[in-house]
Structures are given as C-alpha cells and as structure tokens.
Amino acid sequence: MLWAAACTPVPTEGAAPALAALAHWALQFTPRVARVEEAVLLELRASLRLFGGAAALQARVRAEALELGALTLSWGAPTGLAALALARAGHPGPACSHEILPCSLLDDLPLQTLSAARAHAPTLLRAGCRTLGALRRLPRGGLSRRFGAELLHALDQAYGLRPEAWRWETLPEVFELGLELPCRVEQAPALALAARRLLLALCGWLAARHGGAVALRLRWAHDAMRSRAAGEGGELALRMAEPTRDLAFLHRLLSEHLHRTELRAPVGALHLALLEWQPLAPDGAELLPSTPAPGEPIAQVLQRLSARLGAERVRRSLLLADHRPEWMQRWLDVHEAPPRSAALPPAQVSALPQPGFVLAQPLRLAVRDERPVYQGPLQLLAGPHRIEGGWWQRLQGEAGEHSGHVQRDYWLAWSLHAGLLWIFQTRLADDATAWYLHGCFA
C-alpha cells in the first residue's frame, strides 16, 4: 500500500468547499479516496504505472494539491492513518518517491497527530508521554482500561497491525462548487486566479468521469456592503466548441471573458457549475504513438479569439452534404453546434474544376443571339453538369416564402476580359432561357 494525505486548514464552515474540491480532484488518480476530518487520503499503489511512475505522480499530486489549498502533503506512508499523522506533522515523505516510509518513523511524531489520542493528550503529557512511540511502549492493558479500546485500535491501525476501513468518496452526479474569496475583489480580471482553483477541481471531476466540459457557468456574489442597484451578483456562461478538460485552455478562455466583464460591486465569493459535458474518447494505446503537432489546437485558438473580439467577428466554415453550391458551406459561430447533415461527407458538385470564388447571389447575365454575355460574348468550354434538388427546403425572401428547389445546367465558360467563369442555365419551365454567373476562378 502507498498512501498520500493532503491536509487543509482546520475544518470550519468556510473550509468545507476546499475539502470537497480536493476530494473531487483526487478521484481522477484513484477510486480509493477518503475524507477524514481536515484531510483527504489517497491510496495510490495501483495508479503508479497509469500516471507515468511514482516520481511523476508525486510531483503532479503535490503541485496540484497545494494549488487547491492544501497546507501540507505527505507521501509514501504504509497506512492511511500514518499518512494523515505525517501530513499533520509537516513530514513530506521519503526523498525517493518509490520508497515507502517504515512505521517506525511514526514513533517520533507528537501525540496530536493521531486523532484518537488528541482527547487524552493532556493526561498523557503529564505522565511524560509526548510521542506515538512512547505511547506504544506503555502497557496495553492499562491503556485500554484508562483510555478505552478506541485509542489502542487507532494506534494499531496507524502502525499497520490492524486493517483499516474507510468510507470511499464517490463523485456527485452534478458538479457544483463554491469558493469564498480571502479578500474582496473589485476588478473582474482578478477573479481568474481564484476561479482557477474551481477549474482544477472541475478537471479532476471530468477526468474521473472520462469526459470533457461543453458548457459551464461562473457566478459571483457581491459583498454585503453594496448598493441596492448593484444586485446580489452576476454570472458568466461559457460554451466550448468541443468537449475539453484542458485546465490551461479553460483558464485562458475564462480570463478572456473576464477581461471584458465589468463588476458592479466588490465580489466576495465564486460558484462554478458544469452545465453540460460529454464523454471523451480515450487516448490511443499504440505501441508507437504518433507525436502530436506542436502548438495550441485551432479550435481553442478560435474560441479565445471569439472571447476577445466578439462572437460575431470570428466564424468557422462548415461543409455540408448538399449538391447546391449556395448550401455546400455555412459560416457558424465557433460555439454553435453543427447540424446533423454536417456529419455526412460534402457532396461533389461535378468533375469540372471548382471556382475559388462563389457569389452570394447568382448574377443574371444578358443574352445575345441565344448566347450569354458578360463583358463580351462567352465561350462555353465544358459542360453541362446538371444539378437538381432542394425541394425539401423552404426559404424566406423579399417576396415571401418560397421553395429552395433548383434545376440548373452548369458550364465552364471563357471570357476574353474576365477569364474563366462558372455559369449556369436554369431549367425551370417559367424561365428556361435564363443564364447566371455563379463563380469565377482566381
């Protein structure tokens, strides 16, 4: 067994959220997590290989636990109570992360590090018993009659002489976590540092669920000494283009939004809620995994730009399975979910070369001697390619609602002045001779 313990400040009403955040975060490493008084215990022996070995796991657990508000952390104890006693004494653990501390190290720890001995510490101190080792050397019969069997039971559990029984922590179905700020914050960007704690706990919850966040909401409560016009608080809703539990990205995205937010009163507390999440595909377990491309993924870059410049100024293209050129591509907000038809591969218009530029609205061409004209007569080089479809779509135009049905013959045409053009002739019964310019080539 290899136990670690992370101790928070002495349990108070305000410290309970910090302990809950630590427990949620710890479940990403092991299902054997227990909350005991002011600490969180983790049994990590079975998780070493999964997280890259003892050294890598110890470094990550230590760094993230301290960021979440833990005061001390111990590593390498053989029992849970031993890990808790070491953490209370401020003992970090062995110099080598793969080693397990011997139980004899507990002999030098003060009595107050064992919860069962705290109530009897004044009496034991007067008798000259100041450490757990001195307590072990006292006659067991006398200890049991004077202080009860619970003290001996806990002492044996700490030294591994009796089995321990813990109530393991379970993940809540919904992630909601609050945090009281140590001081009142008057500028919204300053909230990002405190919100990082909540995001770290959220990423642990998501890792334990093997999922990624899609939408979340950060709320803040105004200080009690505020004007009535300021209200009780405010909120900020974030939606991601794709599920993620990347802490660095979530923190950067939240910071971008907070920089554009103005607080109406000083803030005293934060509350983070996960609104929507989706399962994430596990990483490939290939023998020779491919090296990921360096740099930040383009989806995350677009979301940060959208938060900084505004959603209406950052768009992404989406190819659709439609033969009509006007509907083969749509421009969406980076947070907007694609329609179901986007899951299909984009349709091929024809075997003809495709234009680099397509007009938003086809331009009707003049006709001379039954030939289309655009900056002079046009020479038809290739075609026709027939497109028909769209009867299922209803469109709203200036003349009212109409059908999206089209019947067209596309041609590759040559203009002496304009170069290669992409034109079509309609095949509708009421307009059989109309020609339109739809695209041009660079």
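The structure we're discussing is the one just above.
Residues numbered from 1 in each chain as written. Predicted model: local features only at pLDDT ≥ 70, side-chain atom pairs only at ≥ 80, totals over all residues. Heavy atoms only, no water.

Chemist: A description of the overall build of the chain should follow, citing residues and the corresponding values.
Modeler: Within the chain one finds 11 helices and 19 strands. For the chain, the proportion of its 442 residues judged to be buried stands at 45%. Taking as baseline every contact in the chain between residues at least 6 positions apart, the subset at least 24 positions apart corresponds to 63%. Taken as a whole, the chain presents about 24100 Å² of accessible surface, with 55% of it coming from carbon and sulfur. (Helix = DSSP H or I, 4+ residues; strand = E, 2+ residues; numbered from the N terminus. Buried < 20%, exposed > 50% of the residue type's maximum accessible area, 1.4 Å probe, protein only. Contact = heavy atoms within 4.5 Å. Areas by Shrake-Rupley, 256 points an atom, 1.4 Å probe, with all protein chains shown as cover.)

Chemist: Explain unusual backbone geometry to me, and be specific about the residues and the numbers.
Modeler: Despite not being glycine, E37 has its phi angle at roughly 55 degrees, a positive value. Looking at the element boundaries, E37 is found in the loop between β2 (33-36) and β3 (39-43). When its relative accessible area of 41% is taken as the criterion, E37 is described as partly exposed. With a phi angle near 55 degrees, Q375 is a residue other than glycine that sits in the positive phi range. As for its position among the elements, Q375 is in the loop between β13 (371-373) and β14 (379-389). Q375 gets classed as partly exposed once you look at its relative accessible area, which sits at 46%.

Chemist: Lay out the pattern of salt bridges with the relevant residues and their values.
Modeler: Inspection of every chain in the model, using the stated rule, returns 15 salt bridges. In this structure, the salt-bridge partner of E37 is R88, at a minimum N-O distance of 2.8 Å. Within this pair, whereas E37 is found in the loop between β2 and β3, its partner R88 is found in helix α3 (residues 80-89), the two being separated by 51 residues in sequence. For R184, the salt bridge is made with D223, and the minimal N-O distance between the two is 3.0 Å. Remark: D223 occurs in the loop between β6 (211-222) and β7 (233-244) and R184 occurs in strand β5 (residues 176-185); sequence separation between them is 39 residues. (Salt bridge = Lys/Arg side-chain N within 4 Å of Asp/Glu carboxyl O.)

Chemist: Explain the nonpolar core to me, and be specific about the residues and the numbers.
Modeler: Side chains that are nonpolar tend, in soluble globular proteins, to be buried together. Counting 63 residues, the largest nonpolar core has W25, L191, L216 and L270 as its most contacted members. Top element by residues in this core is helix α9 (residues 191-209). It accounts for 12 residues. In this structure, W25 is in contact with V61, E64, A65, L68, L200, A201 and G204, ignoring residues within four places of it in sequence. One finds L109, L111, L143 and A158 within the second-largest nonpolar core, a separate group that totals 32 residues. (Core = buried A, V, L, I, M, F, W, Y, C linked by side-chain atoms within 4.5 Å.)

Chemist: Give me the environment of L124: which residues, what numbers.
Modeler: With respect to the element layout, L124 can be found in helix α5 (residues 121-126). For L124 and L111, which are 13 residues apart along the polypeptide, the C-alpha to C-alpha distance reads 8.7 Å. Residues in contact with L124, not counting those within four places in the same chain, are L111, C129, L135, L138 and F147.

Chemist: How would you explain α9 if you had to name every residue and give the values?
Modeler: Taking 1.5 Å of rise per residue, the 19 residues of α9 would be expected to cover 27 Å, and the 27 Å separating its terminal C-alpha atoms lies within 8% of that figure. Along its length, α9 shows its largest kink, about 25 degrees, at R197. Within α9, 14 of the 19 residues are buried, which leaves it mostly tucked inside the rest of the structure. H210 sits one or two positions beyond α9 and adopts a positive phi of about 55 degrees. (Expected span 1.5 Å × (residues − 1). Bend = angle between axes of the 7 residues up to and from the residue.)

Everything listed is a geometric property; what it means functionally is a separate question.
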